[in-house]
Amino acid sequence: MDDRGVAEDDDRGSAQWADARWPADDHVHSQYSWDAHSGDLEATCARAVQLGLPAISFTEHVDFGAWQPPPGGWTWNGAVRGRMDDHGRFMSAPLEVQAYVEEVERCRHLFPGLRIRCGIELSEGHRFPDEVAELAGWGFERVVGSLHALQDLRHPGEVVELRGALAQRGLLGTVHAYLDEAAVMAASDAPFEVLGHLDYPLRYWPAGAGPLPWDDLEERVRHVLSVLASSGRALEVNTRRPMEVQVVRWWHEVGGQAVSFGSDAHRPEDLAVRWREVADAVSSAGFRPTADPTSFWSRA
Ligand SMILES: [Zn+2]
Ligand SMILES: [Zn+2]
């Protein structure tokens, strides 16, 4: 959700990077996302062409929830679009769908060699069936289903964004709750085709907290992956942070059929970050590009 820049360990660039094996970037934000103040849809398309990507999916934020503030209040300092409701909860600005769709269409004419999908990143879609139903008519071509908020332990029935959840549950408790909620969402009939950033709470895992306790997490992660595989959806490998390849191996073991790659870029320069490293790792876990370079990778 947040729009901090990613590390500069850039494995892209240069002519040799343009390889037919490189996957599409299926999780990208532009200025139409409420938290992407440096987003630029046209410049992102130009960057995709420069890098030699076969396709790009814009997945702009759609968040229906009202978030209780984290301890100490919000620290976004006006870098996001939204409002406070009468209870001090943050509500992000709604997606301006018509303007967004028109801008995608304009860029399709500017970059005819690039497959540009018009999609959304749907937050907690299983909790907002009526609101989600109203979006159906737009025919989005890619819907990433994500969790950005968890149940608020202090205000029953309310939700808090991850930083608030961390204050209430601690690091490991937040990761557990996130995985449990992801399993509920994966089992739902919410209209999304890719589960986004299963490792989202790990973005907040401090370096000083030591290595991730995979022995503790494995059973929960495998459960989410099994439910997701049964639903027929794809697993996203989000490249904002270095990936844990064992999660993709588990995905293969439980019968997962497809892997989506998403940089979660909120500005053009973060497009396809870590692409080489991640493509190699996903390949080693047993997934391959298909004959259509714009589609998900599938089981070998
Ligand atoms: Zn997200
Ligand atoms: Zn995102």
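Residues numbered from 1 in each chain as written. Chains lettered and ligands numbered in written order. Predicted model: local features only at pLDDT ≥ 70, side-chain atom pairs only at ≥ 80, totals over all residues. Heavy atoms only, no water.

As annotated in an unreviewed UniProt entry, the protein is Histidinol-phosphatase from Quadrisphaera setariae. Under the Pathway (unreviewed entry) heading, UniProt states for the protein: "Amino-acid biosynthesis; L-histidine biosynthesis; L-histidine from 5-phospho-alpha-D-ribose 1-diphosphate: step 8/9." Turning to the protein, the UniProt record has this under Catalytic activity (unreviewed entry): "L-histidinol phosphate + H2O = L-histidinol + phosphate". (UniProt positions renumbered as here; feature names shortened; annotations may be inferred.)

Turning to the pattern of salt bridges, a few remarks are in order. Taken as a whole and assessed by the stated rule, the structure comprises 20 salt bridges. Glu141 is paired through a salt bridge with Arg115; the nearest N and O atoms lie 3.7 Å apart. Placement of Glu141 in the loop between helix H3 (129–135) and strand S7 (142–146) and of Arg115 in strand S6 (residues 115–123) is noted, with a sequence separation of 26 residues between them. We classify Glu141 as partly exposed; its relative accessible area is 31%. Using a relative accessible area of 35% as the deciding quantity, one classes Arg115 as partly exposed. For the salt bridge of Arg142 with Glu193, the shortest nitrogen-to-oxygen distance reads 3.3 Å. (Salt bridge = Lys/Arg side-chain N within 4 Å of Asp/Glu carboxyl O. Helix = DSSP H or I, 4+ residues; strand = E, 2+ residues; numbered from the N terminus. Buried < 20%, exposed > 50% of the residue type's maximum accessible area, 1.4 Å probe, protein only.)

Once that is clear, we can look at the sheet that holds strand S10 (residues 194–195). Spatially, 9 strands are ordered S1-S2-S6-S7-S10-S11-S12-S14-S13 in an open sheet, and the strand pairing comes out mixed. In this open sheet, the two edge strands, each paired with only one partner strand, are strand S1 (25–28) and strand S13 (287–288). Pairing geometry for S6 and S7, over 5 bridges, is parallel. Across the sheet, residue Ile120 finds its bridge partner in S7, namely Val143. Here helix H7 (residues 275–284) sits on the sheet in contact with S1, strand S11 (234–238), strand S12 (258–262), S13 and strand S14 (297–299), set at roughly 170° to S12. (Pairing = 2+ DSSP bridges. Contact = heavy atoms within 4.5 Å. Axes fitted to C-alpha atoms, helices over the stretch in contact; angles between N-to-C directions.)

The interhelical angle for the contact between helix H4 (residues 162–187) and helix H5 (residues 214–231), taken along N-to-C directions, is 15°, at an axis separation of 8 Å. In terms of orientation, H4 lies roughly parallel with respect to H5. Considering how the two elements wind past one another, H4 and H5 form a crossing that is left-handed. Contacts between H4 and H5 pair Leu172, Val175, His176, Leu179, Asp180, Ala182, Ala183, Ala186 and Ala187 from the former with Asp216, Leu217, Arg220, Val221, His223, Val224, Val227, Leu228 and Ser231 from the latter. Partitioning the contact of H4 with H5 into residue classes produces 12 nonpolar, 3 polar and 3 charged. (Parallel < 35°, antiparallel > 145°, perpendicular 65-115°, else oblique. Left-handed = near helix turned anticlockwise from the far one by under 90°. Nonpolar A, V, L, I, M, F, W, Y, C, P; charged D, E, K, R; others polar.)

Bringing the confidence of the model for the protein into the picture now. Counting all residues, the mean pLDDT for the protein is 91, and 92% of those residues have values of 70 or more. The low-confidence segment residues 2–9 (pLDDT under 50) makes 20 contacts with residues lying over four places distant or belonging to another chain. Low confidence marks residues 13–18, where pLDDT is under 50. Its contacts with residues over four positions away, or in another chain, come to 13 contacts. (pLDDT = per-residue confidence, 0-100.)

Let us now look at the coordination of the zinc ion (ligand 1). Within the first shell, the zinc ion (ligand 1) binds the protein through Glu121 (OE), His148 (NE2) and His197 (NE2), at distances of 2.1 Å. Here the donor residues for the zinc ion (ligand 1) map to a single chain with the spacing E-x26-H-x48-H. In this structure, the zinc ion (ligand 1) lies 3.4 Å from the zinc ion (ligand 2), and both are coordinated by Glu121. One end of the pair, Glu121, is in strand S6; the other, His197, is in the loop between S10 and H5, and 76 residues separate them in sequence. Residues Glu121 and His197 agree in their burial class; the two are buried. (Donors = N, O, S within 2.8 Å, 3.2 Å for Na, K, Ca; no water.)

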